[in-house]
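This is what each chain is made of:
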Amino acid sequence: MIKRKSKHRGLKYLAIIIFIIAFFLYGTVRIVNDPRTLIHALKVANLKSPWKIHVEKFTWTPTSHQIELKNILSVSEKSDKKISADSIFIKYNPWGLLRGKSIIDNLEIQNL
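Below, the structure is looked at part by part. These numbers were taken from a predicted model, which means no experiment stands behind them.

Some words on the pattern of salt bridges
- Here the structure, examined in full by the defined rule, presents three salt bridges.
- When the shortest N-O distance is used, the salt bridge between Lys70 and Glu68 registers 3.4 Å.
- When its relative accessible area of 36% is taken as the criterion, Lys70 is described as partly exposed.

Okay, here's the thing in structure tokens:
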């Protein structure tokens, strides 16, 4: 009796690969949008900056290529200057990153 190779073997491997990619993409989005990640990123940014930055909420939506920051406050340590905004909305072009460029299609700042 001769065993025949399944015609669906390639589809099975493709489905497994797609599942693994989706799992890692989902995990990446969860990690980036986690408040603890924002706290750590702001600590690193505030180490060498003369401005102390506070952001209440950060949301990255890779499927629609959007980043949103809520309740932003930046205070200068040297002078008592403050900059604040209720929200910053950025819509970016991810294909520019492949060429080493940051392309922002839309930038909205509310109550600066």
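And the narrative resumes.
Some points on the packing of aromatic side chains
- Within the structure shown, the criterion is met by one aromatic pair.
- Plain terms: the ring middles of Phe23 and Phe24 are 5.7 Å apart, the flat faces sit at 75° to each other, and that makes the pair edge-to-face.

Thoughts on the sheet that holds strand 1 (residues 51-61)
- In space, the four strands of this open sheet follow the order 1-2-3-4, with antiparallel pairing throughout. The sheet terminates laterally at strand 1 and strand 4 (103-110), the two strands that pair on one side only. Shown here is a sheet whose adjacent strand axes are inclined to one another by a mean of 20°, direction ignored.
- Across seven bridges, the pairing between strand 3 (residues 82-93) and strand 4 is antiparallel. Each bridged residue has a counterpart across the sheet, and for Ile88 the counterpart in strand 4 is Ile109.

Section: unusual backbone geometry
- For His65, which is not a glycine, the phi torsion comes out positive at approximately 60°.
- In this structure His65 comes out as partly exposed when scored by relative accessible area, which is 27%.
- In the Ramachandran plot, Asn71 falls in the positive-phi region, its phi being about 50° despite a non-glycine side chain.

Rules of the game
- Residues numbered from 1 in each chain as written.
- Predicted model: local features only at pLDDT ≥ 70, side-chain atom pairs only at ≥ 80, totals over all residues.
- Heavy atoms only, no water.
- Salt bridge = Lys/Arg side-chain N within 4 Å of Asp/Glu carboxyl O.
- Buried < 20%, exposed > 50% of the residue type's maximum accessible area, 1.4 Å probe, protein only.
- Phe/Tyr/Trp six-rings, centres within 6.5 Å; stacked < 30°, edge-to-face > 60°.
- Pairing = 2+ DSSP bridges.
- Helix = DSSP H or I, 4+ residues; strand = E, 2+ residues; numbered from the N terminus.
- Axes fitted to C-alpha atoms, helices over the stretch in contact; angles between N-to-C directions.

These values are about where atoms sit, not about what they do.
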